[in-house]
Amino acid sequence: MSRGFGPGGPHGRLKFDDDAQKANLSKALLLRIVKFFMPYWKQTLLLMAVLIVTAVLGLLPPLFIQQIIDQALPDKNLRLLVLLVLASLGTTVVSGLLGVLQNYLNSFISLHIVFDMKNQMYRHLQKMPLQFYSGVQQGEVITRMTSDISGVQGVFSSTVVNFASNLFILVSTAVTLFIMNWKLALVGILVIPLFIFPTRKMGNISWKLAKQTQEKISDQNQIIQETLSISGYLLMKLFTKESAEYAKFQSINSEATSLQIRQSMAGRWFMMVLSTFTSIGPLMIYLYGGYLFIQGELSVGAIVAFVALLGRLYGPVMQMTNLYVDIKRSAALFERIFDYFDMKPQIVDEPEARVIPAAGKDISFHNVSFAYQADKTALHGISFTAAAGTLTALVGPSGAGKTTVTNLIPRLYDTDSGSITIGGSNIRDFTLDSLRSQIGLVTQDTYLFNGTIRDNLMYAEDGASEAEMIAACQAAYIHDFILSLPEGYDTVVGNRGIKLSGGEKQRISIARVLLKNPPIIIMDEATSSLDTASEYYIQQAMHSLLQGKTSIVIAHRLSTIMAADQILVVQSGAIVEEGTHESLLEHNGVYRDLYDKQFESKVLA
Ligand code: ADP
């Protein structure tokens, strides 16, 4: 099993500077991007047509002005003058309307691509193994799903559309200028290299400044995250580090601020240099065009039109000069997104997988080994059988591998070697859905989502009736407590609802599993010490839960261990002893040790 996930791994988020340097718009990448556009090819074609028409329409007003100066005015032709002015106005209005259509198409295409990508990504991430989620940094998945994918909209509406529109404007203007007068067109074009160089230079400078600013801002965010979160805040307070943290924050803040000022000044200098260069073009046209006029080769109207059209040449050239930065940035964005799409869900149904009933069947581990990381085995040579309808307790020190054993049964991870069978069938022969639907998992840390208690319970079994739900809660010894809440079963819990104690949450979790009523129960008993009443209720709830089921419990309480049909003592990834409470005590080994050390607190491990 390859384990390529984890912070800093190949899928770790690239830094700003690496982004553009590593990214290249390869053919393969381009093809993949184009695939997302395919469903919208009609709209894309229409958009391109709109851009072409807009580019051509933009040429008309200067040409109308040329007619006004060269014909309407010298001929004192009022009708022609009005006509040309109206034509100019009409062109502007039509361009404006096309602009609205362009905007609509632009949003339609880009937002639909974002929509498709988000859906596909969500579906894909649902299939990723648990390992992926324990490996990625918090917030990374959200960043990919939200800002990265949403960034695609910007790529389309700024990079792609700008590029196409500038290209059309550039080509149409250049062709028109050459048709009007090729010598004058050459003069206008000769100036272009003059401002390409500073544009690139300044683009690079502001890119670097932006990169540095971004780094400072992320440093700043890290301090905020570390010191203004609950545990970081406590650490800072308890070690009286407020002043030191403040000084650090202030210094990074001031660096970020001065970088931002430099960044905005770089923009200004850049504009100044450029406006000087761009004004050289028209001056040259006046000079050379004026000379041609004096020679009788050119009209005044043509000179005016030429200068006006020149603006349509220089603007797009400048915008396209730094396009490569945008293209690289966009390529990096798509690469980050595709990186995620390329991660293979490793645990999937085998081709021959079937729905197999597990009720009344033994669960057996056959010489199972497993490692989270290639070089560090978490389990080795684990073999045992949990007979149908019996309770198996796993005990052992923290980090021994107990949770890992339980995670392998619902295939949250797959074994590296050896096998796990239920009633003699390898769990890989079950469809994942059928396997997991037959296992009830009660973890220590019960997750209740934001919703009512009823919603949280029904999550286990959509079709359950009210009576079944109440029966499950009664069996889990939580019904009376729920009724005592302000809105009973309709009380909102979870992050925006009322807070429940650990014991109450675990009982709700037990009720949830009771409602699902699976033949196999896997439970991680709470380690936290509970008050006597909670302890009693949990024990009663567990009694209901485990009755008649094949259960594997990571046991922390003596009562559970005593009730177990077999106890497996796990140490350093192996089963070192097995037996019943009495036989193990007699054996005088690891179990006896654990028992002697921890029995007083009634909590084992
Ligand atoms: P227990 O439940 O007995 O406390 P675990 O099964 O949780 O022990 O852990 C067994 C070993 O595997 C420990 O060394 C632990 O650090 C390691 N481990 C557990 N979960 C992961 C994980 N997601 N990634 C890498 N190592 C892990």
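Thresholds applied
- Residues numbered from 1 in each chain as written.
- Predicted model: local features only at pLDDT ≥ 70, side-chain atom pairs only at ≥ 80, totals over all residues.
- Heavy atoms only, no water.
- UniProt positions renumbered as here; feature names shortened; annotations may be inferred.
- Helix = DSSP H or I, 4+ residues; strand = E, 2+ residues; numbered from the N terminus.
- Rg over C-alpha atoms; globule rule 2.2 N^0.38 Å.
- Buried < 20%, exposed > 50% of the residue type's maximum accessible area, 1.4 Å probe, protein only.
- Areas by Shrake-Rupley, 256 points an atom, 1.4 Å probe, with all protein chains shown as cover.
- Lys, Arg positive; Asp, Glu negative; His and termini not counted.
- Charge placed at Lys NZ, Arg CZ, Asp CG, Glu CD.
- Core = buried A, V, L, I, M, F, W, Y, C linked by side-chain atoms within 4.5 Å.
- Salt bridge = Lys/Arg side-chain N within 4 Å of Asp/Glu carboxyl O.
- Pairing = 2+ DSSP bridges.
- Near = heavy atom within 4 Å.
- Polar contact = N/O pair within 3.5 Å; in protein donor to acceptor, adjacent residues only side chain to side chain.
- Nonpolar A, V, L, I, M, F, W, Y, C, P; charged D, E, K, R; others polar.

- As recorded in an unreviewed UniProt entry, the protein goes by ABC transporter and comes from Paenibacillus helianthi.
- What UniProt records for the protein under Subcellular location (unreviewed entry) is the sentence "Cell membrane".

**Quick word on the overall build of the protein**
And step 1. Counting its regular elements, the protein contains 22 helices and twelve strands.
And step 2. Taken over the C-alpha trace, the protein has a radius of gyration of 36 Å; the compact-globule value for 605 residues is 25 Å, which it surpasses by more than 25%.
And step 3. A principal-axis box enclosing the C-alpha atoms of the protein has dimensions of 120 × 55 × 50 Å.
And step 4. For the protein, with 605 residues in total, the buried portion stands at 44%.
And step 5. When the accessible area of the protein is evaluated, it comes to approximately 31,300 Å², of which 60% is carbon and sulfur surface.
And step 6. Of note, the protein has its 49 positive side-chain charges centred 12 Å away from the centre of its 50 negative side-chain charges.

**Some words on the nonpolar core**
And step 1. Ranked by size, the top nonpolar core spans 44 residues in total, and within it Ile-453, Leu-457, Ile-510, Leu-545, Ile-567 and Tyr-591 carry the most contacts.
And step 2. Top contributing element to this core by residue count: helix H18 (residues 502-516), with six residues.
And step 3. Within the second largest apolar cluster, 36 residues are counted, among which are Tyr-40, Met-117, Met-145 and Ala-331.

**Quick notes on the pattern of salt bridges**
And step 1. Counted by the stated rule, this structure contains eleven salt bridges.
And step 2. For Arg-336, the salt bridge is made with Asp-148, and the minimal N-O distance between the two is 3.1 Å. One end of the pair, Arg-336, is in helix H12 (residues 323-342); the other, Asp-148, is in helix H6 (residues 140-180), with 188 residues separating them in the sequence. Asp-148 shares its class with Arg-336; the two are buried.
And step 3. Lys-183 is paired through a salt bridge with Glu-297; the nearest N and O atoms lie 3.4 Å apart. Here Lys-183, found in helix H7 (residues 182-190), pairs with Glu-297, found in the loop between helix H10 (242-294) and helix H11 (300-321); they are 114 residues apart in sequence, far enough to count as distant.
And step 4. Judged by its relative accessible area of 30%, Lys-183 falls in the partly exposed class.

**A short note on the sheet that holds strand E1 (residues 363-373)**
And step 1. Taken in spatial order, the four strands line up as E2-E1-E4-E5 in an open sheet, and their pairing is antiparallel. Since the sheet does not close on itself, it has two edges, and those belong to strand E2 (376-386) and strand E5 (425-426), each with one partner.
And step 2. As paired strands, strand E4 (residues 417-422) and E5 are joined by two bridges and run antiparallel to one another. When the sheet's bridge partners are listed, Thr-421 is paired in E5 with Asn-426.

**Structural notes on the site of the ligand**
And step 1. As a matter of local geometry, the ligand sits amid 14 residues, with Gly-399, Gly-401, Lys-402, Thr-403 and Thr-404 nearest to it.
And step 2. Take Gly-401: an N or O atom from its main chain is 2.9 Å from an oxygen atom of the ligand.
And step 3. Here an oxygen atom of the ligand sits 2.9 Å away from a polar atom, N or O, in the main chain of Lys-402.
And step 4. In isolation the ligand has 560 Å² of accessible area, and contact with the protein removes 67% of it.
And step 5. The set of elements that each furnish at least two residues to the shell around the ligand consists of E1, E2 and helix H13 (402-408).
And step 6. Here the element with the most residues in the shell around the ligand is H13; it accounts for three residues.
And step 7. In the shell around the ligand, the residues fall into five nonpolar, seven polar and two charged.

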